[in-house]
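Analysis of the macromolecular model
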Amino acid sequence: MDNHLILLGIMTAALFVVAFQAWRIGNQKRDVALLGAFGGMFGLGTAAVAVF
């Protein structure tokens with residue numbers, strides 16, 4: 001495994017966990033959506049690194 005893949009995977013998982021926790025404690029919807037969007041972008045980056 002490449003180091004980039006590991007780092008992006010950890011960042012993706014961390015952002016999704018943070019977004020879930022923010023949603024669970026009742027933060028504003030825009031904040032949760034922003035965290036989810038960044039998590040999705042990191043997820044796409046992780047998938048791109050895994051494929052290429």
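Residues numbered from 1 in each chain as written. Predicted model: local features only at pLDDT ≥ 70, side-chain atom pairs only at ≥ 80, totals over all residues. Heavy atoms only, no water.

Positionally, D31 belongs in helix 2 (residues 29-51). Residue class for D31 comes out partly exposed when judged on its relative accessible area of 28%. A C-alpha to C-alpha distance of 8.4 Å links D31 and A19, two positions 12 residues apart in sequence. (Helix = DSSP H or I, 4+ residues; strand = E, 2+ residues; numbered from the N terminus. Buried < 20%, exposed > 50% of the residue type's maximum accessible area, 1.4 Å probe, protein only.)

Turning to the environment of G39, a few remarks are in order. One can find G39 in helix 2. According to the relative accessible area criterion, G39 is buried, its value standing at 0%. It is 20 Å that separates the C-alpha atoms of G39 and D2, two residues lying 37 residues apart in sequence. Non-local contacts of G39, meaning those with residues more than four positions away in its chain, are made with T12, L15 and F16. (Contact = heavy atoms within 4.5 Å.)

Once that is clear, we can look at the side chain of T46. Here T46 is to be found in helix 2. Excluding anything up to four places from it in sequence, T46 contacts L5, L8, G9 and T12.

Taking 1.5 Å of rise per residue, the 23 residues of helix 2 would be expected to cover 33 Å, and the 33 Å separating its terminal C-alpha atoms lies within 8% of that figure. Taken as a whole, helix 2 has its buried residues at V32, G39 and T46. Contacts made by the buried residues of helix 2 are with helix 1 (3-25). (Expected span 1.5 Å × (residues − 1).)

In this structure, G36 sits in helix 2. On the basis of relative accessible area, G36 is assigned to the partly exposed category, the value being 27%. Distance from G36 to M11, taken between C-alpha atoms, is 12 Å for residues 25 residues apart in sequence. In contact with G36, other than residues within four places in its own chain, are F16 and A19.

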